[in-house]
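# Coordinate analysis (summary)
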Amino acid sequence: MPKSDTAAAATDSSTYREYILDVRIVERTTGEGDTRYRFEAPDHEGIAFDDPEMATLYADVYFDVNGFQEAGTGERGVPPTVIQAGRDTLVAYFLTQDGVDVHWAASFYGEKPEKIERYVSRVRKRSKKIREGAKEHGHV
């Protein structure tokens with residue numbers, strides 16, 4: 001679940017996953033022994049998650065829409081580029097938010113959980129293709 005990463009100072013950190021264009025997920029252990037996964041990208045304020053799966057999904061949404069900023073969208077706002085990207089991307093983004101899971105999204109959209117999972121799968125596949133294409137064009 002995304003949260004501000006200012007509450008507890010990291011005592012140990014390492015790169016959990018590294019992507020192109022200086023985007024990465026950093027695994028941090030706090031003084032309380034909690035592990036957090038922080039999404040970091042240039043010109044992005046960063047956001048931390050309890051679950052590495054949600055951190056990687058957030059990264060996939062980020063690449064799917066060619067980056068976005070959440071700053072200024074408010075506590076429950078959605079970046080305009082995410083909204084404009086389509087239902088599957090919006091669903092994937094919602095899943096990275098506190099209190100939202102596949103069943104909530106399925107209920108909200110009037111779909112079965114399996115369809116929500118297909119939406120997420122599409123976003124992950126597109127994001128992977130985008131990163132691969134960028135690498136082929138020399139973006140690292």
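Residues numbered from 1 in each chain as written. Predicted model: local features only at pLDDT ≥ 70, side-chain atom pairs only at ≥ 80, totals over all residues. Heavy atoms only, no water.

## Some points on the pattern of salt bridges
All told, the structure shown has ten salt bridges when counted by the stated rule. Close ionic contact of Asp60 with Arg131 constitutes a salt bridge, the shortest N to O distance being 3.0 Å. Of this pair, Asp60 sits in helix H1 (residues 52-64) while Arg131 sits in helix H5 (residues 113-136), and the two are 71 residues apart along the sequence. Overall, Arg131 belongs to the buried group, its relative accessible area being 14%. Here Arg87 and Glu111 are joined by a salt bridge, their closest N and O atoms 3.5 Å apart. Here Arg87, found in helix H3 (residues 87-95), pairs with Glu111, found in the loop between helix H4 (102-109) and H5; they are 24 residues apart in sequence, far enough to count as distant. Among the charged side chains, a network of salt bridges with common partners joins Glu53, Asp60, Arg124 and Arg131. (Salt bridge = Lys/Arg side-chain N within 4 Å of Asp/Glu carboxyl O. Helix = DSSP H or I, 4+ residues; strand = E, 2+ residues; numbered from the N terminus. Buried < 20%, exposed > 50% of the residue type's maximum accessible area, 1.4 Å probe, protein only.)

## Section: the confidence of the model for the chain
Mean pLDDT over the chain: 90, with 90% of residues reaching 70 or higher. The low-confidence segment residues 4-8 (pLDDT under 50) makes seven contacts with residues lying over four places distant or belonging to another chain. (pLDDT = per-residue confidence, 0-100. Contact = heavy atoms within 4.5 Å.)

## Observations concerning the side chain of Asp64
Relative to the helices and strands, Asp64 is located in helix H1. Overall, Asp64 belongs to the buried group, its relative accessible area being 14%. Among the polar contacts listed, one links the side chain of Asp64 to the side chain of Thr89, at a separation of 2.5 Å. The contact partners of Asp64, leaving out residues within four places of it in the chain, are Thr89, Val123, Arg126, Ser127 and Ile130. (Polar contact = N/O pair within 3.5 Å; in protein donor to acceptor, adjacent residues only side chain to side chain.)

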